[in-house]
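Okay, here's what each chain looks like letter by letter:
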Amino acid sequence: MSVDSSAAGTPRRSAAGKAGTTGSKTGTKRTTSRTTPRTTAKKSADPELVQLLTPEGKRVKNAENAEYDAYVAGITPDELRGLYRDMVLTRRFDAEATALQRQGELGLWASLLGQEAAQIGSGRATREDDYVFPTYREHGVAWCRGVDPTNLLGMFRGVNHGGWDPNSNNFHLYTIVIGSQTLHATGYAMGVAKDGADSAVIAYFGDGASSQGDVAESFTFSAVYNAPVVFFCQNNQWAISEPTEKQTRVPLYQRARGFGFPGVRVDGNDVLACLAVTKWALERARSGEGPTLIEAYTYRMGAHTTSDDPTKYRADEEREAWEAKDPILRLRRYLEAANHADEGFFAELETESEALGRRVREAVRAMPDPDNFAMFENVYADGHALVDEERAQFAAYQASFATESDSGVAAGEGI
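As the structure is a prediction and not an experimental result, all values here were calculated from the model. (Residues numbered from 1 in each chain as written. Predicted model: local features only at pLDDT ≥ 70, side-chain atom pairs only at ≥ 80, totals over all residues. Heavy atoms only, no water.)

## Some remarks on the environment of Phe-171
- Here Phe-171 lies in the loop between α6 (166–169) and α7 (180–195).
- Residue classification places Phe-171 among the buried residues on the basis of a relative accessible area of 0%.
- Sequence-wise, Phe-171 and Asp-130 are 41 residues apart; in three dimensions their C-alpha atoms are separated by 8.9 Å.
- Contacts of Phe-171, omitting those with residues within four sequence positions, involve Tyr-131, Val-132, Pro-134, Glu-138, Val-141, Ala-142, Arg-145, Val-147, Trp-164 and Pro-166. (Helix = DSSP H or I, 4+ residues; strand = E, 2+ residues; numbered from the N terminus. Buried < 20%, exposed > 50% of the residue type's maximum accessible area, 1.4 Å probe, protein only. Contact = heavy atoms within 4.5 Å.)

## Observations concerning the nonpolar core
- If you look at the biggest cluster of nonpolar residues, it comprises 68 residues, and the most contacted ones within it are Tyr-84, Leu-153 and Leu-331.
- Considering each element in turn, this core owes the most residues, 11 residues, to helix α10 (residues 271–286).
- With sequence-adjacent residues up to four places away left out, Leu-153 is seen in contact with Phe-93, Ala-97, Leu-106, Trp-109, Val-360, Val-364 and Met-367.
- In terms of nonpolar packing, the next biggest core, distinct from the first, is built from 22 residues, Ala-197, Ala-203, Ala-227 and Leu-293 among them. (Core = buried A, V, L, I, M, F, W, Y, C linked by side-chain atoms within 4.5 Å.)

## Brief notes about the packing of aromatic side chains
- Tallied over the full model, the rule gives 26 aromatic pairs.
- Look at Tyr-68 and Trp-280: their rings are 5.4 Å apart centre to centre, the planes differ by 85 degrees, and that puts the pair in the edge-to-face class. Placement of Tyr-68 in helix α1 (residues 66–69) and of Trp-280 in helix α10 is noted, with a sequence separation of 212 residues between them.
- When the ring of Tyr-299 is compared with that of Trp-322, the centres are 5.3 Å apart and the planes differ by 10 degrees; the resulting orientation is stacked. Of this pair, Tyr-299 sits in the loop between β8 (292–297) and α11 (316–323) while Trp-322 sits in helix α11, and the two are 23 residues apart along the sequence. This pair shows no difference in class: Tyr-299 is buried, exactly as Trp-322 is.
- Positioned over the ring face of Trp-322 is Lys-325, at 4.3 Å from the centre of the ring.
- One cation-aromatic arrangement involves Arg-332 over Phe-346; the distance from NZ or CZ to the ring centre is 3.7 Å. (Phe/Tyr/Trp six-rings, centres within 6.5 Å; stacked < 30°, edge-to-face > 60°. Lys NZ or Arg CZ within 6 Å of the ring centre and 35° of its normal.)

The values are spatial; any link to function lies outside them.
This is the structure we're talking about:
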């Protein structure tokens, strides 16, 4: 397990919860500083990381992981089955979306295949009043935040710019620009701190985005202003066709050290470890101890997006090695070994999974075409002369596509 705790920021000043803020609480927050647990090095070729569930489905309990393990020590069989259900249904939705794109129903799709544990574990660690800033691949986190999966598909079908109200679930719209959401999250977290709200912010990004200047800037501001934000990096080994070793000389979680806050690497295919470490980091943020960087070490089993062909730059052996660490199979093995789930549970879940797939397919095909003029709405709060001019120009352009009968051109004329 690897942890870096060289930085201790000045705790945020406690403040009463802001009246009217969703989920805020009145009272004084803790300001006592806690130290990130240090661990001894593992003698292994595998990277050191926090792991609570092995690929074989065995629970890991030792002194090194004890502080993190405490966050899931009381997890019930029902909650474990819930995590398994989340991952299975998220994977089914993702598979359906991929198929829909291949069949021409979506313009593009970014699959999360293989990253279910990182997303479900971290997503279930959030509280209702926390705020999430995703990239364009956080379908599992969206599921945890209560966003209807069919709402994620409108943008990829080209019928809207995002199919949900971010404030209804405290889940921001998908961000296509690489890394920019970390700045949005940092600014929002700074506002949360000034409001005195007892909540935290979490920003998701990939290993490729970690090379963006926006991410470095967000690290600087969050550290200096002790913002209550957790940076959750899903290191899936590939930034499209660029491997991680061509982006960094050190493990990604160690980058936090240079900015003055802790970094932790977690087994991104271990849903319990992701749940525990994210709970710890969010609690740390809410308690006034500032930002944390979590590197979820996982693997992108599919293509970067449906426009990508990973066979041109990845070896089959690499994927096969990671298939043995499948996050869903890992938890199923544990559930079966601990007698927490029977065949009836798995059969019922399979039926539910197929029903979800059918619902998603029907919903996509039923999506209405967008209003051609909707793009001019909500650009400015009070309207703008330039937008009005552009709307009129577009209307004239649309009108130019009149039918021959409308334009009075006789059939066959000009031939």
